[in-house]
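# Report on the structure
Letter by letter, the chains look like this.
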Amino acid sequence: MKKNINRMIIMMFLCMIVYNLGHPGTPDLIQMRGWKKSISGEFLAFMSTAMFISSPYLGALADRFGMKRIFVLMPFFYGIAQLVFGFVTSLPIIFLARIVAGFVSGGTFAVAFGYVSQLSEKEEKAKNIAKISSAIVIGGAIGQKIGGIVATADPRYSFGLQFICGGILSLFILVFMREIVKESGNALNIKDNKSLNPFSTFRYIKELDGFSKFFCLIIFLSGIGIYSYASALNYFFKFYEKVSADTIGTFVMCSSLLAFLGTAFLLEKLLKRFKEKSIHKVMIFTGIILMSFIFFRVKSGTTPYFIMAVYTMTYEIVRSLGNTIIARRYVENQGKILGVVSAVDSLGNAVGSFLSGHLLAFNPFLPFIANIGIMAVVLILIKSFSRVFLINSD
């Protein structure tokens, strides 16, 4: 069991390297084609909306038909979508490629978290989900650094590299991953099969218990707050700080390494002493303080790169705990349950990303202000419903 968990952690690490190769070169690609700056948020919003639809759907499919059968296809189709994004110039086709990339990204996260959660004992869920989160962070860091170097030659090359590596990675998954599926997974009746469709996300959310629904709202609003800033950051660096794709990749790598230390080591130590919900609240509050400092420093003409990196660590811990807090409440259907969590996070990502592009185009400091305001609302909601947290404590 532990061996299978470790294999998934390694595969998710490799997936994140591949999935992040194109990010540092995207601002240069937008500039090369003469598109408006706000289109960056629209690209991310289309992708995130597709993730919202696909995460619980593909997670539910994986629960019933096998995790590996779904997971093996994800890197290959992501690579195809990125190849189209990098080399095709027709905007309608590019937006379609964003939708495909989002659809398979949602499936990747849902299956990975579901696979690890399903194989983990209840007391080990938080630790193992944190390991997946760490693999996502460190893989993303390496991918962005490699992508930034490749994009300095031509931003399109990093998308071509994603296509090549995506195909290779799917072969690795086919050879090295082990399948897990419930024994009754193939004994499906017609009604069950018809209930599996990509537009069942809201029905899946409705099936959750009251506390999980409330916490999905918290995850959704947190996603808006985090991504209204995070989705704008690379473009803020490119268009207002005038830094290169390689520099962007280096910053993202360093901040992601710090986030890795947070999710892999700091969070594990905190979980030994405090409850997940308490850590979650403290990290949100810490993030608000850090973002306020970042805003005032940037406004005064200084970019506090290290503090920005520390903020990245806090929000990665918040996102990891969001998965754990809900996953611990359920025993079965981990793919679907964590798919729902990924879905509401993706919907928040979609709204935040859409806002980020337009906020950045209107005023470069608005993404920072939006983050502070929205995360403050999240903290107030959590504090206001502290009795609900207490009643539903594990």
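This is a predicted model, so every value here is computed, not measured.

## Re the overall build of the protein
Across its full length, the protein holds 17 helices and zero strands. Relative to the 2.2 N^0.38 estimate, which gives 21 Å for 394 residues, the radius of gyration of the protein is 20 Å and therefore close to what a compact globule would have. Once the C-alpha set of the protein is aligned to its principal axes, its extents read approximately 55 × 45 × 35 Å. Residues classed as buried in the protein amount to 59% of the 394 residues present. Charge-centre separation for the protein: the mean point of 39 positive side chains lies 3 Å from the mean point of 20 negative side chains.

## Focus on the packing of helix H3 (residues 39–65) against helix H15 (residues 334–362)
The contact between H3 and H15 brings their axes to 7 Å, and the two run at 175°. The pairing of H3 with H15 is recorded here as roughly antiparallel in orientation. Partitioning the contact of H3 with H15 into residue classes produces twelve nonpolar, 16 polar and three charged.

## Let's talk about the packing of aromatic side chains
Tallying each qualifying case throughout the model produces 21 aromatic pairs. Taken together, the aromatic side chains of Tyr229, Phe236, Phe237, Tyr240, Phe251, Tyr305, Tyr311, Tyr315 and Phe368 make up a single cluster linked through ring pairs. Over the ring of phenylalanine 85 we find arginine 98; its NZ or CZ atom is 4.1 Å from the centre of that ring. Lysine 299 extends its terminal NZ or CZ atom over the ring of phenylalanine 365, reaching a point 5.2 Å from the ring centre.

## A short note on the environment of lysine 122
The topology assignment puts lysine 122 in the loop between helix H6 (91–119) and helix H7 (125–151). In sequence terms lysine 122 and tyrosine 330 are 208 residues apart; their C-alpha atoms lie 9.3 Å from each other.

## Thoughts on the environment of serine 342
Residue placement: serine 342 occurs in helix H15. With residues up to four places along the chain from it excluded, the contact list for serine 342 reads Ser55, Phe109 and Ala110.

## A few points about helix H13 (residues 276–299)
Along its 24 residues, H13 runs 34 Å from first to last C-alpha, staying within 8% of the 34 Å computed at 1.5 Å per residue. Looking at the residues trailing H13, positive phi occurs at glycine 301, about 100°.

## So, H6
For H6, built from 29 residues, the straight-helix expectation of 42 Å at 1.5 Å per residue is met to within 8% by its first-to-last C-alpha distance of 42 Å. With 21 of 29 residues buried, H6 lies mostly within the body of the structure.

## Some details on the pattern of salt bridges
Enumeration over the complete set of coordinates arrives at six salt bridges. For the salt bridge of lysine 36 with glutamate 42, the shortest nitrogen-to-oxygen distance reads 3.4 Å. The class for glutamate 42 is buried, based on a relative accessible area of 13%. Arginine 156 serves as the salt-bridge partner of aspartate 154, at 2.7 Å between the closest nitrogen and oxygen.

## Quick word on the nonpolar core
Across soluble globular proteins, nonpolar side chains have a tendency to be buried as a group. Met12, Phe71, Met308 and Phe368 are the most contacted members of the largest nonpolar core, which totals 115 residues. Ranked by residue count, the leading element in this core is helix H11 (residues 210–239), at 18 residues. Setting aside chain neighbours within four positions, we find methionine 12 in contact with Phe71, Thr108, Phe109, Ala112, Ile132 and Ile136.

## Section: the packing of H6 against H15
Angle between the axes and distance between the axes: these two values describe a pair of packed helices. Where H6 meets H15, the axes come as close as 8 Å, and the angle between the chain directions of the two elements is 135°. Taken together, the axes of H6 and H15 are oblique relative to one another. For the crossing formed where H6 meets H15, the hand is right-handed. In this structure, H6 contributes Phe109, Ala110, Phe113, Gly114, Ser117 and Gln118 to the contact, and H15 contributes Gln334, Gly335, Leu338, Gly339 and Ser342. Class assignment of the residues belonging to the contact of H6 with H15 gives a composition of four nonpolar, seven polar and no charged.

## Digging into the side chain of serine 346
Among the structural elements, serine 346 can be located in helix H15. Using a relative accessible area of 2% as the deciding quantity, one classes serine 346 as buried. Residues contacting serine 346, with those up to four places away along its chain left out, are Ser48, Met51, Phe52 and Ser55.

## Looking at the confidence of the model for the protein
Summing up the model confidence of the protein, the mean pLDDT is 85 and the portion of residues at 70 or higher is 92%. When mean pLDDT is taken per element in the protein, helix H5 (residues 74–87) scores highest with 96 and helix H9 (residues 190–195) scores lowest with 44. In this model residues 183–194 is a low-confidence stretch, pLDDT under 50, and it forms ten contacts with partners more than four residues away in sequence or in other chains.

## A closer look at the side chain of aspartate 154
With respect to the helices and strands, aspartate 154 occurs in the loop between H7 and helix H8 (155–176). A polar contact of 2.7 Å, which involves the side chain of aspartate 154, links it to the side chain of arginine 156.

## Considerations on the environment of cysteine 15
Mapped onto the fold, cysteine 15 is located in helix H1 (residues 2–19). In this structure cysteine 15 comes out as buried when scored by relative accessible area, which is 0%. Residues cysteine 15 and glycine 139 lie 124 residues apart in sequence; the distance between their C-alpha atoms is 7.4 Å. Residue contacts for cysteine 15: discarding those within four places in its chain leaves Phe71, Pro75, Thr108 and Leu169.

## Some details on the state of the cysteines
In the structure shown here, the tally under the stated rule is zero disulfides. Cysteine cysteine 15 shares no disulfide, and the gap to the nearest cysteine sulfur, in cysteine 165, comes to 11 Å. Cysteine 165 gets classed as partly exposed once you look at its relative accessible area, which sits at 24%.

Rules behind the numbers
Residues numbered from 1 in each chain as written. Predicted model: local features only at pLDDT ≥ 70, side-chain atom pairs only at ≥ 80, totals over all residues. Heavy atoms only, no water. Helix = DSSP H or I, 4+ residues; strand = E, 2+ residues; numbered from the N terminus. Rg over C-alpha atoms; globule rule 2.2 N^0.38 Å. Buried < 20%, exposed > 50% of the residue type's maximum accessible area, 1.4 Å probe, protein only. Lys, Arg positive; Asp, Glu negative; His and termini not counted. Charge placed at Lys NZ, Arg CZ, Asp CG, Glu CD. Axes fitted to C-alpha atoms, helices over the stretch in contact; angles between N-to-C directions. Parallel < 35°, antiparallel > 145°, perpendicular 65-115°, else oblique. Nonpolar A, V, L, I, M, F, W, Y, C, P; charged D, E, K, R; others polar. Phe/Tyr/Trp six-rings, centres within 6.5 Å; stacked < 30°, edge-to-face > 60°. Lys NZ or Arg CZ within 6 Å of the ring centre and 35° of its normal. Contact = heavy atoms within 4.5 Å. Expected span 1.5 Å × (residues − 1). Salt bridge = Lys/Arg side-chain N within 4 Å of Asp/Glu carboxyl O. Core = buried A, V, L, I, M, F, W, Y, C linked by side-chain atoms within 4.5 Å. Left-handed = near helix turned anticlockwise from the far one by under 90°. pLDDT = per-residue confidence, 0-100. Polar contact = N/O pair within 3.5 Å; in protein donor to acceptor, adjacent residues only side chain to side chain. Disulfide = S-S within 2.5 Å.

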